Structures are given as structure tokens and as C-alpha cells.
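Given next are the chains, with one letter for each unit.
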Amino acid sequence: MASLSLRGIYKKYPGGVVAVSDVNLEIRDKEFIVLVGPSGCGKSTTLRMIAGLEEISEGELYIGDRLVNDIAPKDRDIAMVFQNYALYPHMTVFDNMAFGLKLRKVPKDEIARKVEEAARILDLTPLLNRKPKAMSGGQRQRVALGRAIVRNPQVFLLDEPLSNLDAKLRAQMRTEISLLHKRLGTTFIYVTHDQTEAMTMGDRIVVMKGGYVQQIDTPQNLYETPCNKFVAGFLGSPQMNFIDAVLIYRDGQYVVQFGSEDTKSSRGVKSEVILPQSKVTPDLEHYIDKEVILGIRPENVHDEPQYLANATTGIVKCIVEITELMGAETYLYLDFEGVKMTARVSPKSTARPQDEIDVVFDAEKIHLFDKETEKTIIN
């Protein structure tokens with residue numbers, strides 16, 4: 001098994017295009033790391049550099065204590081699982097899984113033992129004589145995993161392996177891959193653009209944007225303490241609500257104000273959230289009377305009567321545009337003076353489209369971001 005170390009890794013293409021910039025990442029032995037970000041953020045390029053399929057322009061890549069920049073992919077002791085499975089259509093499942101071992105001149109009895117063991121782990125034993133065209137997408141993906149497992153590599157690289165599957169199968173395969181990681185005790189590096197996959201599978205997540213690493217942390221820490229507005233908005237479904245606001249200091253308290261000041265309108269009174277003492281930091285002093293961005297997650301926007309009855313701050317008047325009953329919860333899509341917001345509330349909510357309702361922002365769950373840099377001020 002192996003740890004990995006990426007030290008100042010860059011990928012530069014002719015014409016001055018920089019796909020990946022200054023990636024520094026220490027991956028522990030047996031860790032499950034997820035690289036996540038929107039299309040074009042550099043996550044797959046980073047994975048391909050680890051695999052040796054892309055040349056590293058600058059920086060050093062270590063697998064274990066071995067510098068592998070100039071080592072061929074076949075000699076890096078890694079296995080890669082691709083988005084499109086990359087199976088040979090004319091070969092059976094057994095032959096697909098055995099192919100890499102045959103190229104290495106592994107004895108036949110050892111090949112049979114390794115393939116049968118991998119097939120048992122992945123529940124592929126009844127399918128060993130089938131060809132890929134006679135199998136479902138989920139079964140083909142398991143064959144691609146099996147082909148990697150038989151090589152017993154130090155590191156597994158998985159490049160969006162579930163993106164071709166339907167929603168139900170993706171959820172099932174997420175669980176299977178997580179169990180496989182625990183069973184094999186191998187280092188996994190997994191690329192996805194799906195933040196649900198990242199949040200549910202990774203020991204740690206690397207969030208990327210525009211070729212740069214934005215933040216590296218556990219799923220819970222990224223969700224609760226994002227380092228900037230991009231990370232806050234990318235992780236979480238539905239995503240965090242953002243509202244332009246101003247921070248003021250009044251009567252010894254910090255107050256976040258937002259909305260219009262037209263007091264003649266029933267909806268136009270400026271809304272505000274008084275920050276609780278637990279949220280106050282020395283940095284806030286620099287932002288008094290300045291524009292900031294208020295962030296609040298949908299589950300912290302409440303319409304329940306008990307919240308409204310007890311609320312002393314954070315009451316916001318808005319129009320319900322759409323309601324979505326999800327079974328265990330309801331999503332309210334709201335309009336606050338042209339700003340679109342989402343609330344994740346009880347399925348017993350009585351709100352209906354076109355209703356004007358009050359919602360309450362949980363002041364303990366407020367995030368503030370710098371308007372210029374979008375860096376986090378408070379979480």
C-alpha cells in the first residue's frame with residue numbers, strides 16, 4: 001500500500017494554457033480522497049498526471065517514497081477505472097479481468113485464483129462467461145473495478161466511474177465502492193463533479209476551481225466551515241443561499257442588514273440578523289458599514305410556527321414561487337425582493353405558491369463572505 005505526495009504540481013499546455021496550478025496534496029496510506037469541482041477545474045488532469053497519462057509540467061509526484069515523474073504508467077503500481085469502462089467487447093468477463101495479468105506473464109492458475117476472488121468480492125461469479133454487451137451498466141462497471149482489483153495495485157484511481165449510470169444504480173454503486181475500499185485497504189483517489197458522491201464517499205475532499213485547489217478537508221468540515229463562497233455554494237444540495245448585505249454595529253451588537261428600505265411596502269422593510277456572540281470575531285470590526293455576502297443553508301431557513309413565535313431576529317418576508325414535496329421534507333423556492341432562495345422545511349408546511357410568508361434565518365448558522373474576495377469572514 002502507499003501514500004502519495006503532490007508537491008507544487010502544474011500542468012501547462014502549449015499556448016500558455018495552465019490546466020492545473022500549484023497543487024500540493026499529501027494523501028495518506030489507505031485514504032479515500034475525492035477530487036471534486038465543476039467541469040474544466042483540473043481534477044481529471046490531476047488524476048491523469050498521477051496515473052502517468054499526462055506529463056507533469058512542474059513539481060514532484062511521489063508514490064510512497066519513490067519519485068515517479070519520469071516512471072511509465074505500467075511501472076507506477078496503480079490501477080485506473082475509467083468513466084466509459086474501457087472493456088474489450090469481444091472478450092468474456094473472465095478474459096477482460098485477466099487481460100492485464102496475461103500481459104505480465106502471470107501463471108494461469110494464479111490468474112484464475114485472482115479473477116475468481118475478485119469476481120466473488122464484486123458478485124460477478126455467475127457472469128464470468130458473459131460478454132460486456134450482455135450486461136447492464138452497473139455490471140460492466142463492476143467488471144472494470146474487478147480488472148483493477150486483480151492487479152492488487154498500491155493505488156486505485158477512479159475517474160467519474162458512476163457518471164454513466166442511472167440515479168438508483170449510482171447510489172448503490174457508491175455504497176459498493178466504499179465497502180470495496182474498506183475491504184481492500186488500498187489508497188483510493190476518486191474524481192467526480194457530483195458533490196453528493198464527494199460528501200458520502202471521501203475521507204477527505206479536495207475542492208478545485210479553475211485549476212487551483214480551493215480547500216482540502218473532511219466532508220463535514222467543508223460543509224460547516226467553507227473557506228470561501230465557491231466552496232460554500234458547491235457543496236450542499238440544495239445549495240447555500242446568498243444575499244448581498246451590509247454589516248453595521250449598533251448598540252454593542254453586529255447586525256447584518258439586507259433588502260430595501262422602502263418602509264411603505266409590506267415587503268420592503270429592511271431585514272436584518274443580529275449576530276450572536278458566538279459568531280463575533282475581531283475580523284468583523286474591519287467590515288463595519290461595508291458590503292458583505294450573507295450565506296445561509298436551506299435547512300437553516302425555517303417557516304415553522306414555533307420558530308416564528310420565538311424569533312427576535314432574522315425574520316424575512318418573501319413570496320413562495322414553487323413548493324416541492326420530497327416525502328421526508330419540502331423544498332420551498334422563495335423570492336426575496338428578486339433574490340431567489342431555497343428553504344428546506346417540514347413536509348407538514350402549509351406554504352403554497354404565491355403565498356407571502358415569513359421565514360426565519362437561524363442566526364447561529366449564518367455565514368458571511370467578503371464582497372470583493374469572496375473569502376469567508378465568519379462561519
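Residues numbered from 1 in each chain as written. Predicted model: local features only at pLDDT ≥ 70, side-chain atom pairs only at ≥ 80, totals over all residues. Heavy atoms only, no water.

Overview of the pattern of salt bridges
Working step 1: Counted according to the given criterion, the structure contains 20 salt bridges.
Working step 2: The partner of Glu272 in a salt bridge is Arg250, and the shortest N-O contact between them spans 2.7 Å. Placement of Glu272 in strand β13 (residues 271-274) and of Arg250 in strand β11 (residues 241-250) is noted, with a sequence separation of 22 residues between them.
Working step 3: The salt bridge involving Asp358 is made with Lys317; its shortest N-O contact spans 3.0 Å. Note that Asp358 is positioned in strand β19 (residues 356-361) and Lys317 in strand β16 (residues 315-325), a separation of 41 residues in sequence.
Working step 4: A relative accessible area of 28% means that Asp358 is categorised as partly exposed.
Working step 5: Salt bridges here are not isolated pairs; linked through shared partners, they connect Lys11, Arg48 and Glu54. (Salt bridge = Lys/Arg side-chain N within 4 Å of Asp/Glu carboxyl O. Helix = DSSP H or I, 4+ residues; strand = E, 2+ residues; numbered from the N terminus. Buried < 20%, exposed > 50% of the residue type's maximum accessible area, 1.4 Å probe, protein only.)

Description of the pairing of strand β12 (residues 253-258)
Working step 1: Judged by how many residues are buried, β12 sits mostly within the fold: five of six residues are covered.
Working step 2: With antiparallel pairing between neighbouring strands as the criterion, β11 and β12 make up a hairpin whose turn holds two residues, including Asp251 at a positive phi of roughly 50°.
Working step 3: Relative to β13, β12 runs antiparallel, the two being bridged by four bridges. Paired with Gln257 across the bridge in β13 is Glu272. (Pairing = 2+ DSSP bridges.)

Notes on the nonpolar core
Working step 1: Among the nonpolar cores identified, the biggest contains 47 residues, and Met97, Leu145, Leu158, Ile177, Tyr190 and Val207 are the most heavily contacted of them.
Working step 2: Ile243, Tyr254, Val301 and Leu334 belong to the second largest nonpolar core, which has 32 residues in total. (Core = buried A, V, L, I, M, F, W, Y, C linked by side-chain atoms within 4.5 Å.)

Brief notes about the sheet that holds strand β14 (residues 290-296)
Working step 1: The six strands are arranged β13-β12-β11-β14-β20-β21 in an open sheet whose pairing can be described as antiparallel. Where the open sheet ends on each side, the last strands, each with one partner, are β13 and β21 (376-378). Averaged over all neighbouring strand pairs, the angle between strand axes comes to 40°, with direction disregarded. (Axes fitted to C-alpha atoms, helices over the stretch in contact; angles between N-to-C directions.)

Observations concerning helix α4 (residues 137-149)
Working step 1: An ideal rise of 1.5 Å per residue puts 18 Å on 13 residues; α4 measures up with 18 Å between its terminal C-alpha atoms.
Working step 2: Across the 13 residues that make up α4, a large majority, 11, are buried.
Working step 3: Residues of α4 that are buried: Gly138, Gln139, Gln141, Arg142, Val143, Ala144, Leu145, Gly146, Arg147, Ala148 and Ile149.
Working step 4: In this structure, the buried side of α4 is in contact with β6 (78-81), α2 (93-103), α3 (108-121), β7 (155-159) and α5 (167-184). (Expected span 1.5 Å × (residues − 1). Contact = heavy atoms within 4.5 Å.)

Here we look at the packing of α4 against α5
Helix packing for two helices is described by the angle between their axes and how far apart those axes are.
Working step 1: Between α4 and α5, whose axes approach to 11 Å, the crossing angle comes to 15°. Classified by the interaxial angle, the pair formed by α4 and α5 is roughly parallel. Where α4 crosses over α5, the two elements pack in a sense that is right-handed. Between α4 and α5, the residues in contact are Gly138, Gln141, Arg142, Leu145 and Ile149 and Leu169, Met173, Glu176, Ile177, Leu180 and Leu184, respectively.
Working step 2: Here the residues of the contact of α4 with α5 are counted per class, giving seven nonpolar, two polar and two charged. (Parallel < 35°, antiparallel > 145°, perpendicular 65-115°, else oblique. Left-handed = near helix turned anticlockwise from the far one by under 90°. Nonpolar A, V, L, I, M, F, W, Y, C, P; charged D, E, K, R; others polar.)

Describing the sheet that holds β6
Working step 1: Taken together, six strands build an open sheet; the order of strands is β6-β7-β8-β3-β9-β10 and the sheet is mixed. The sheet is open, and its two borders are formed by β6 and β10 (212-217), each paired with just one other strand. Going across the sheet, the axis of each strand differs from the next one's by a mean of 15°, ignoring polarity.
Working step 2: Direction of pairing for β7 relative to strand β8 (residues 187-192): parallel, over a ladder of five bridges. When the bridges of β8 are listed, Phe156 appears paired with Phe188.
Working step 3: Taken strand by strand, α5 contacts β3 (32-36), β7 and β8, and its axis lies near 160° from that of β8.

Remarks on α2
Working step 1: The complete set of buried residues in α2 reads Val93, Asn96, Met97, Ala98, Gly100 and Leu101.
Working step 2: Contacts made by the buried residues of α2 are with α3 and α4.
Working step 3: Just downstream of α2, Lys105 is the residue with a positive phi angle, here 60°.

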